[in-house]
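Architecture and fold: a report
Each chain, letter by letter, is given below.
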Amino acid sequence: MQSTVIAPSILSANFARLGEEVDNVLKAGADWVHFDVMDNHYVPNLTIGPMVCEALRKHGVTAPIDVHLMVEPVDRIVPDFAKAGASLISFHPEASAHVHRTVQLIKASGCQAGLVLNPATPVEVLDYVLEDLDLVLLMSVNPGFGGQSFIPSALDKLRRVRGMIDRSGKAIRLEIDGGVKADNIADIAAAGADTFVAGSAIFNAPDYADVIAKMKAAVAGVR
Ligand SMILES: O=C(CO)[C@H](O)[C@H](O)COP(=O)(O)O
């Protein structure tokens, strides 16, 4: 079984003090930094790119940086993120003409590779590529914005993908992103997730350590 990872999405951090926000959330017990890249094309919002990832590394961040690309096209930005210090790079199959090629490109760049399924993307998109992946990210909101509500059908999808991963026998992480809170994370973990992205639930809380501890305790109760 993969270890539990809490990955705060910096989409909900205070961008005017980003280095300090990332330091604080890591000191508060976060395991990874989730880095949402939006291009105002694949999704209707515009965020941050490789320069910000590089700036966090220069600031001294050593934790894994989990880059979620919501961009189209994908391939030309992959080497830039690898050079900027990304640890994992995930992308949406709808945004790449050649999914297998993009996975290989990410791995050849020295990063771990993830594939992201939107709420309405069927799990069959994982056929023929699952065993090449390090991570599957299931979106439990439509991508583009933080602070949305968890879409309940994601629980059934988690169970289905958990089964696919277990049958593969590979050490592939199952990550969930969107509307994850301290009060629903136990159900999400019970459905099979091991890696939990949470933006507003952490960065809008007065005490990051308190909410991360509550999330970890809730997950530990079911895993
Ligand atoms: O990828 C995302 C949106 O596209 C965000 O990571 C996600 O929505 C997290 O925010 P919140 O926990 O507030 O729902």
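Residues numbered from 1 in each chain as written. Predicted model: local features only at pLDDT ≥ 70, side-chain atom pairs only at ≥ 80, totals over all residues.

Focus: the overall build of the chain
Selection rule: What counts as a helix is a DSSP run of H or I of at least four residues, what counts as a strand is a run of E of at least two, and both are numbered from the N terminus. Radius of gyration here uses only the C-alpha atoms, and the compact-globule reference equals 2.2 Å multiplied by the residue count raised to the power 0.38. For the exposure call, what matters is how many other C-beta atoms sit within 10 Å of a residue's own: 20 or more marks it buried, 12 or fewer exposed, and in between partly exposed, using C-beta atoms placed from the backbone. Here contacts are defined at the residue level, using C-beta atoms placed from the backbone and a cut-off of 7 Å between them.
A count of helical and extended segments in the chain gives eight helices and eight strands. Here the C-alpha atoms of the chain give a radius of gyration of 16 Å, agreeing with the 17 Å that 2.2 N^0.38 yields for 223 residues. The buried share of the chain, reckoned over its 223 residues, is 44%. A sequence separation of at least 24 residues applies to 64% of the contacts in the chain between residues at least 6 apart.

Regarding the UniProt feature "binding site: substrate" (unreviewed entry) in the chain
Worth spelling out the cut-off: UniProt positions are given in the numbering used here, feature names are shortened, and annotations may be inferred rather than shown by experiment.
Here, the residues flagged by UniProt with the feature "binding site: substrate" (unreviewed entry) are Ser9, His68, Gly144, Phe145, Gly146, Gly147, Asp177, Gly178, Gly179, Gly199 and Ser200. Relative to the assigned elements, Phe145 resides in the loop between strand E6 (135–139) and helix H5 (153–168). The partly exposed category is assigned to Phe145, around which 16 C-beta atoms lie within 10 Å. Note that Gly199 resides in the loop between strand E8 (195–198) and helix H7 (200–203). Ignoring any residue separated from it by four or fewer positions in sequence, one finds Gly199 in contact with Pro8, Ser9, Leu11, Ser12 and Gly146.

A word on the site of the ligand
Applicable threshold: Only the C-beta atom matters for nearness: placed from the backbone, it must lie within 6 Å of the molecule or strand for the residue to count as near.
By nearness alone, 22 residues border the ligand, and Ser9, Pro143, Gly146, Gly199 and Ser200 come closest of all. Secondary-structure elements contributing two or more residues to the shell around the ligand are strand E2 (33–38), E8 and H7.

Side note on the UniProt feature "binding site: a divalent metal cation" (unreviewed entry) in the chain
The positions UniProt marks with the feature "binding site: a divalent metal cation" (unreviewed entry) are His34, Asp36, His68 and Asp177. Across 144 residues of sequence, these annotated residues stay compact in space, with a maximum C-alpha separation of 10.7 Å. Along the chain, the position of His34 falls in strand E2. Excluding its chain neighbours within four sequence positions, the residues that come into contact with His34 are Ala7, Pro8, Ser9, Ile10, Asp66, His68 and Val197. The topology assignment puts Asp36 in strand E2. Residue Asp36 is classed as buried on the basis of its 24 C-beta neighbours within 10 Å. Apart from the residues within four sequence positions on either side, Asp36 is in contact with Ser9, Leu11, Thr47, His68 and Met70.

A word on the environment of Thr47
Considering the arrangement of structural elements, one finds Thr47 in the loop between E2 and helix H2 (50–59). Along the sequence, Thr47 and Asp36 sit 11 residues apart, while their C-alpha atoms lie 7.3 Å from each other. With near-sequence residues (within four places) excluded, Thr47 lies in contact with Leu11, Asp36, Val37 and Met38.

Quick look at helix H4 (residues 99–108)
For the record, the criterion: The arc in question is traced by the directions running from the helix axis to the C-beta atoms.
Looking only at H4, the buried set comprises Val99, Thr102, Val103, Leu105 and Ile106. Down the axis of H4, the sector holding all buried residues measures 160 degrees, keeping them to one side. Seen from the buried face of H4, the exposed residues on the opposite side, beyond 90 degrees, are His100, Arg101 and Ala108. On its buried face, H4 sits against helix H3 (78–84), strand E4 (88–91) and strand E5 (112–117). Among the residues trailing H4, Gly110 stands out with phi positive, at a value near 95 degrees.

As for the confidence of the model for the chain
To be explicit about the condition: The predictor's confidence in any single residue is recorded as pLDDT, a number from 0 to 100.
This prediction gives the chain a mean pLDDT of 98; 100% of its residues lie at or above 70. This complex was scored by the predictor with a pTM of 0.98 and an ipTM of 0.97.

A closer look at the environment of Ile106
Along the polypeptide, Ile106 turns up in helix H4. For Ile106, a count of 30 C-beta atoms within 10 Å gives the class buried. Put simply, Ile106 and Asp75 are 31 residues apart on the chain and 8.4 Å apart in space, counted from C-alpha to C-alpha. Ignoring any residue separated from it by four or fewer positions in sequence, one finds Ile106 in contact with Val78, Ile89, Cys111 and Ala113.

Some words on the sheet that holds E4
What counts here: The rule for pairing is simple: two strands pair if DSSP sees at least two bridges between them. Angular values range over 0 to 180 degrees, each being the angle between N-to-C directions of two axes fitted as lines to C-alpha atoms, with helices fitted over their stretch in contact.
Pairing is parallel in the open sheet, where eight strands are placed in the order E1-E8-E7-E6-E5-E4-E3-E2. Each of the sheet's edge strands pairs with one partner strand only, and the pair in question is strand E1 (5–8) and E2. Neighbour to neighbour, the strand axes of the sheet diverge by 25 degrees on average, direction disregarded. As defined by bridge partners, E2 adjoins strand E3 (residues 65–70) across six bridges and the pair is classed as parallel. Across the sheet, Met38 pairs through a bridge with Met70, a residue of E3.

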